[in-house]
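Each chain is listed here by its residues.
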Amino acid sequence: MSEVNSGERVGGWTRFVTARPRLALLAALVITVLAVFAGSGVADRMGSGGWTAPDAESTYATKALEREFPASQPNLLLLVHSGRASVDDPAVAAEAARLTERLAAEEGVTGVGSYWQGKSPALRSEDGHEALVAARIEGEEKAAGEILDRIAPAYRGEHGPVEVSVGGPVAVQHDMQTIIEEDLLRAELIALPVTLVLLVMVFGSAVAALLPLGVGIVAILGTNAVLRGITEFTDVSVFAQNLTTALGLGLAIDYALFIVRRFREELNAGADTRAAIGTTLRTAGRTVLFSALTVAVSLAAMLVFPQYFLRSFAYAGIAVVLLAAAAALILLPAALMLLGPRVNSLDLRRLLRRPRRATAAADASTAPATASGRDTESGKGTPPGRDTGPGARWGRFAALVMRRAPVFAVLTTVGLVLLGLPFLGVKFGTADHRQLPATAESRVVQEHIQHGFPGNPGGGLEVLAEGPATPAQYEDFRARVAALDGVRRVDGPLTAENTAYFEVLPDGESVGQDAQHLVRDLRAVPAPFDTSVTGTAAALVDSQDAIADRLPWAVGIIVVVTLLLVFLLTGSVLIPLQAVVLNALSLTAMFGAVVWVFQDGHLSGLLAFTSTGDIETTLPVLMFCVAFGLSMDYGVFLLSRIKEEYDRTGEHEHAVTFGLRHTGGLITAAAVILAVVMVAIGTSRVTNTKMLGLGIALAVLMDAMVVRSLLVPAVMKVMGRATWWAPAPLRAFHRRFGLSEGESAPAVPPRSRPAEGIPGGAPGGIPGGASEEIPGEGGGQGRDRIRAGA
């Protein structure tokens, strides 16, 4: 056995990653330190917008108005509160005039105006104690934020008889970015120690528990450096950092769990360190590679959308997934090569065991606490019909599900569909100041304006008119607009050379359904000049149209590539279709909860957020791509092990039971850890981040604990051996190009398969028990199996 272990099972990739383990880890340390410096300050270079399509009509009109009529697009508002006096009090007016002049002299600020200049009723509160100074900070988000940082402290606070608060869109974005950075740091401080405790509980060994955490930290720091580089070429949303932390920890831990578990399994079966690494990379390593590809493809689909908010998650997601996989497949084997059997050191669980169980615990300590792929013995000393090895509960549970497969399949499907029904009432909106905590200064200013000022300044629509026109033509167009349903008032036109703009104030909410219909009506009004409509409702309409246009492409990319990858993994035509459908079902609870909680406002008090009555348009797309990818991650783990055992034995039901037994605990542990990370992200004070974290945590838990545990085995039992069907040309294609976890020996015919052992196998046969119905079998690949290089 020593000769086999040391030679035949060690292939080229194993030799590459284990040849210089100390050098590999030293190089990784140096690269990680460089990544820390390269990625420092990345959040300061990120934006908090990106919700609108850059090629949309509203985006064009906004930029044109900024250029031609800067005062029409104020993004900075100073709320001047006069205390008990009226805003028309001479002392108040004098101080406000001084502040207005001072603001107009600031570098980078243009289009300054105030209530005291024109006495516009729209800029004065209805109670007469507040009024506005409005201005435009020039430049893109980053530059505007820097200017705000520079000038805001000089205006905020008391100035003689008045008190000033700083608000406006640029202040909202700045507060959002600052709060997200603070919340992300807090989430990391919560997630890291909790994750370490959970890993110790899963592995028992403190040494083994630190390995996945190390892989995650490397992936996060590396991704920050990548994002820092991307910011040199394009806009990146600050929200993407949350995904970096969540996926960096979650997926790195998933991959490391899978690899370390298989490595310990091989050691427990008697393999030496190098051979154990070879088998691990050839089996679990290939599964990790497939998983990383499926997750990366799901996230890459967001690149088809024009909004940089969505594209940013693709940049961050692809980088962190590939870095996590690379660390798990390169650095982790190097660490395992140095540790060898010491990977099981510092078994902290022994402290909790009673003395009379110490001997048994010491024998079992090298097996993972979750599902083990290789058990200790093949049922020796175990009474027939009983299954007491590691993962036995999952084996018995799988057998129970398959005995009542139709019942479990129907009830689980109906339950998931019912949980998703609230999503049928979804209403899409846009992110605004209500995303922020109630105490944020910019939110306070916006709410004072919204509820205390007539006409909701800043909540209207702007119509840009370009081309030569006469005053009569402008007046005729104005009359046509005023006659539209849902128009409260039309102001303007304000004219420049061959350009003019009108401000249209809609009835009701500024971004409600009526306002959105009004946008389309405005764009249909005939005019002798070119017109473009912008404003909050117009940007929302354009964003919805952009997503609707690109969504079929994104879904198509995800589905087609997923079908191809799962086919390459399994060689079946039906399993890829099953994977896509079941993954979609696993997301129903998430989408239903998003509407029930965040749109309808249930649990808003408990979760400390303000319901806006709608869902930001891009969020469901983002959550679908991320959650679908993570579901496929767990699906690949399960299917690869089922496929491996089916190739070895040819028994369909036994393979399904075996797969759930040997991955059920692993997937559940990984899902719980990832959910902990996502819940930590979900503690954010920004509503969209809270929705993202808590929604994906729910989706991950539903997928691991319901879909993988109940629906997959039930459906595979109902489908029977037809599960593995493929037409002859595709079978030939898979034989040539397909990959799977391990390269198994030809299947033993089901009726002739011996109860213990496989001819040529190690003494004692295949270790472990797969289920109560097949005692003494299961447990992963025998050491006699593959003698090809990894």
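Residues numbered from 1 in each chain as written. Predicted model: local features only at pLDDT ≥ 70, side-chain atom pairs only at ≥ 80, totals over all residues. Heavy atoms only, no water.

**Student:** Sorry, what's going on with the overall build of the chain here?
**Tutor:** A count of helical and extended segments in the chain gives 26 helices and 11 strands. Pairs at least 24 apart in sequence give 80% of the contacts found in the chain among residues at least 6 apart. (Helix = DSSP H or I, 4+ residues; strand = E, 2+ residues; numbered from the N terminus. Contact = heavy atoms within 4.5 Å.)

**Student:** Whenever I open this one, the sheet that holds strand S4 (residues 157–159) confuses me. Can you help?
**Tutor:** Within a sheet, neighbouring strands are paired by backbone hydrogen bonds and run either parallel or antiparallel to one another. Spatial ordering of the open sheet is given by S2-S3-S1-S5-S4, a layout of five strands whose pairing is antiparallel. The sheet terminates laterally at strand S2 (109–114) and S4, the two strands that pair on one side only. With direction set aside, neighbouring strand axes in the sheet form an average angle of 25°. Where S4 meets strand S5 (residues 162–167), three bridges bridge the pair, whose relative direction is antiparallel. Looking across to S5, one finds that His159 is bridged to Val162. Each of strand S1 (76–81), S2, strand S3 (130–137), S4 and S5 is contacted by helix H5 (residues 90–104), which is oriented at about 165° to S2, the strand it contacts most. Lying on the sheet, helix H7 (residues 141–155) is in contact with S1, S2, S3, S4 and S5; it crosses S3 at an angle near 145°. (Pairing = 2+ DSSP bridges. Axes fitted to C-alpha atoms, helices over the stretch in contact; angles between N-to-C directions.)

**Student:** Is there a simple way to explain unusual backbone geometry in this structure?
**Tutor:** Even without glycine at this site, Lys119 takes up a positive phi of about 55°. Here Lys119 lies in the loop between helix H6 (115–118) and S3. For Lys119, a relative accessible area of 42% translates into the label partly exposed. Positive phi, normally seen in glycine, also occurs at Leu603, with a value near 70°. Examined against the element boundaries, Leu603 turns out to sit in the loop between helix H21 (588–599) and helix H22 (604–607). Classification of Leu603 by relative accessible area gives partly exposed; the value is 42%. (Buried < 20%, exposed > 50% of the residue type's maximum accessible area, 1.4 Å probe, protein only.)

**Student:** Help me understand the packing of aromatic side chains, please; the structure alone is not making it clear to me.
**Tutor:** Pairs of aromatic rings are described using the distance from one ring centre to the other and the angle between the two planes. For the structure shown, the criterion picks out 14 aromatic pairs. Summarising the aromatic geometry, the rings of Trp394 and Phe397 are spaced 6.1 Å apart at their centres and angled 85° between planes, so their arrangement reads as edge-to-face. Separated by three residues within a single helix, Trp394 and Phe397 lie in helix H14 (residues 392–403), roughly one turn from each other. Note on Phe397: relative accessible area 29%, which makes it partly exposed. Summarising the aromatic geometry, the rings of Phe567 and Phe733 are spaced 6.2 Å apart at their centres and angled 25° between planes, so their arrangement reads as stacked. Taken together, the positions of Phe567 in helix H19 (residues 536–570) and Phe733 in helix H26 (residues 728–737) put the pair 166 residues apart, joining distant regions of the chain. What makes Phe567 buried here is its relative accessible area of 7%. (Phe/Tyr/Trp six-rings, centres within 6.5 Å; stacked < 30°, edge-to-face > 60°.)

**Student:** Is there a simple way to explain the environment of Ala275 in this structure?
**Tutor:** As for its position among the elements, Ala275 is in helix H11 (residues 273–300). Judged by its relative accessible area of 0%, Ala275 falls in the buried class. In this structure the C-alpha to C-alpha distance between Ala275 and Phe263, which are 12 residues apart in sequence, comes to 9.4 Å.

**Student:** Would you mind showing me how to read the pairing of S1 here?
**Tutor:** Side chains on a regular strand alternate between the two faces of the sheet. Most of S1 is tucked away, with five of its six residues classed as buried. Pairing geometry for S1 and S5, over five bridges, is antiparallel. When the bridges of S5 are listed, Val80 appears paired with Val164.

**Student:** Would you mind showing me how to read the pattern of salt bridges here?
**Tutor:** In a structure, side chains of opposite charge can pair up when their charged atoms sit close to one another. In total, this model carries 29 salt bridges according to the counting rule given. Note that Arg685 is salt-bridged to Asp183, the shortest N-O span being 3.0 Å. Of the two residues, Arg685 is situated in the loop between helix H24 (652–682) and helix H25 (687–719) and Asp183 in helix H8 (residues 169–203); the sequence distance between them amounts to 502 residues. Each of Arg261, Arg262, Glu265, Glu266, Arg641 and Glu644 takes part in a single network of salt bridges with overlapping partners. (Salt bridge = Lys/Arg side-chain N within 4 Å of Asp/Glu carboxyl O.)

**Student:** Even after reading the chapter, I still don't get the sheet that holds strand S10 (residues 530–535), so can you show me in this structure?
**Tutor:** Overall, antiparallel pairing links the four strands, which are arranged S8-S9-S7-S10 in an open sheet. Of all strands in the sheet, those bounded by a partner on one side alone are strand S8 (487–496) and S10. With direction set aside, neighbouring strand axes in the sheet form an average angle of 20°. Bridge count for strand S7 (residues 461–466) against S10 is six bridges, and the pairing is antiparallel. The partner of Leu464 across the bridge, within S10, is Ser532. Strand contacts of helix H4 (residues 57–68): S7, strand S9 (499–506) and S10, with the helix running at about 95° to S10, the strand carrying the most contacts. Those strands touched by helix H18 (residues 513–524) are S7, S8, S9 and S10, and its axis lies near 10° from that of S7.

**Student:** Is there a simple way to explain a nonpolar patch on the surface in this structure?
**Tutor:** Residues Leu23, Leu26, Leu29, Val30, Val33, Leu34, Val36 and Phe37 make up a contiguous nonpolar surface patch of roughly 780 Å² in combined accessible area. Examined against the element boundaries, Val30 turns out to sit in helix H3 (residues 21–39). (Patch = residues over 30% accessible without salt bridge, like charges linked within 9 Å, V, L, I, M, F, W, Y side chains within 5 Å. Areas by Shrake-Rupley, 256 points an atom, 1.4 Å probe, with all protein chains shown as cover.)

**Student:** Looking at this structure, I do not really get the nonpolar core. What am I missing?
**Tutor:** Side chains of a nonpolar character, in soluble globular proteins, are inclined to be buried together. Ranked by size, the top nonpolar core spans 159 residues in total, and within it Phe239, Tyr255, Leu257, Met302 and Val321 carry the most contacts. No other element matches the 18 residues that helix H23 (residues 619–649) contributes to this core. Residues Leu77, Leu79, Leu123 and Val445 belong to the second largest nonpolar core, which totals 34 residues. (Core = buried A, V, L, I, M, F, W, Y, C linked by side-chain atoms within 4.5 Å.)

**Student:** Explain the confidence of the model for the chain here, please?
**Tutor:** Do not read the predicted coordinates in detail wherever pLDDT is low. Taken over all residues, the pLDDT of the chain has a mean of 81, while the share at 70 or more is 85%. Note on residues 355–385: pLDDT is under 50 here. Beyond four places in sequence and across chains, it has 74 contacts. Under a pLDDT of 50 for its full length, residues 741–790 has, in the predicted model, 169 contacts with residues more than four places off or in other chains. (pLDDT = per-residue confidence, 0-100.)

**Student:** How do you make sense of H18 when you look at a structure like this?
**Tutor:** Helical geometry note: an α-helix holds 3.6 residues per turn, so side chains three or four residues apart project in the same direction. A rise of 1.5 Å per residue sets the reference length of H18, with its 12 residues, at 16 Å; its end C-alpha atoms lie 17 Å apart and thus fit the reference within 8%. Within H18 the residues assigned to the buried category are Ala515, Gln516, Leu518, Val519 and Leu522. Buried residues of H18, seen end-on, are gathered within an arc of 155° and therefore sit on one face of the element. Turned more than 90 degrees off the buried face of H18, the exposed positions are Asp514 and Ala524. (Expected span 1.5 Å × (residues − 1). Arc of directions from axis to C-beta.)

**Student:** How do you make sense of the side chain of Thr195 when you look at a structure like this?
**Tutor:** Inspection of the secondary structure assignment puts Thr195 in helix H8. For Thr195, a relative accessible area of 0% gives the class buried. Not counting residues within four places of it along the chain, the set of residues in contact with Thr195 comprises Leu213, Ile253, Ile673 and Val677.

**Student:** Help me out: how do you make sense of the environment of Val676 in this one?
**Tutor:** With respect to the helices, strands and loops of the structure, Val676 is situated in helix H24. For Val676, a relative accessible area of 22% corresponds to the partly exposed category. For the pair Val676 and Ala697, spaced 21 residues apart in the sequence, the C-alpha separation amounts to 7.5 Å. Sequence-distant contacts of Val676, defined by excluding residues within four places in its chain, comprise Val194 and Leu198.

**Student:** Before we go on, may I ask you to explain the packing of helix H12 (residues 308–339) against H23 in this structure?
**Tutor:** A packed helix pair is summarised by two numbers, namely the angle formed by the two axes and the spacing between the axes. At a minimum axis distance of 10 Å, the contact between H12 and H23 shows a crossing angle of 15°. Relative to H23, the element H12 lies roughly parallel. Crossing geometry of H12 relative to H23 is assigned as right-handed. Contact with H12, carried on its side by Phe309, Leu310 and Phe313, involves Leu619, Val621 and Leu622 of H23 and no other residues of that element. Taken together, the residues of the contact of H12 with H23 sort by class into six nonpolar, no polar and no charged. (Parallel < 35°, antiparallel > 145°, perpendicular 65-115°, else oblique. Left-handed = near helix turned anticlockwise from the far one by under 90°. Nonpolar A, V, L, I, M, F, W, Y, C, P; charged D, E, K, R; others polar.)

**Student:** What should I look at first to understand the packing of helix H15 (residues 405–420) against H21 in this one?
**Tutor:** Taken N-terminus to C-terminus, the directions of H15 and H21 make an angle of 25°; their axes are 7 Å apart at the nearest point. Here H15 is positioned roughly parallel relative to H21, judged by the angle of their axes. Of the two possible hands of crossing, H15 and H21 adopt the one that is left-handed. Only Thr588, Ala589 and Gly592 of H21 make contact with H15, whose side of the interface consists of Leu416, Val417, Leu419 and Gly420. The residue inventory of the contact of H15 with H21, partitioned by class, reads four nonpolar, three polar and no charged.

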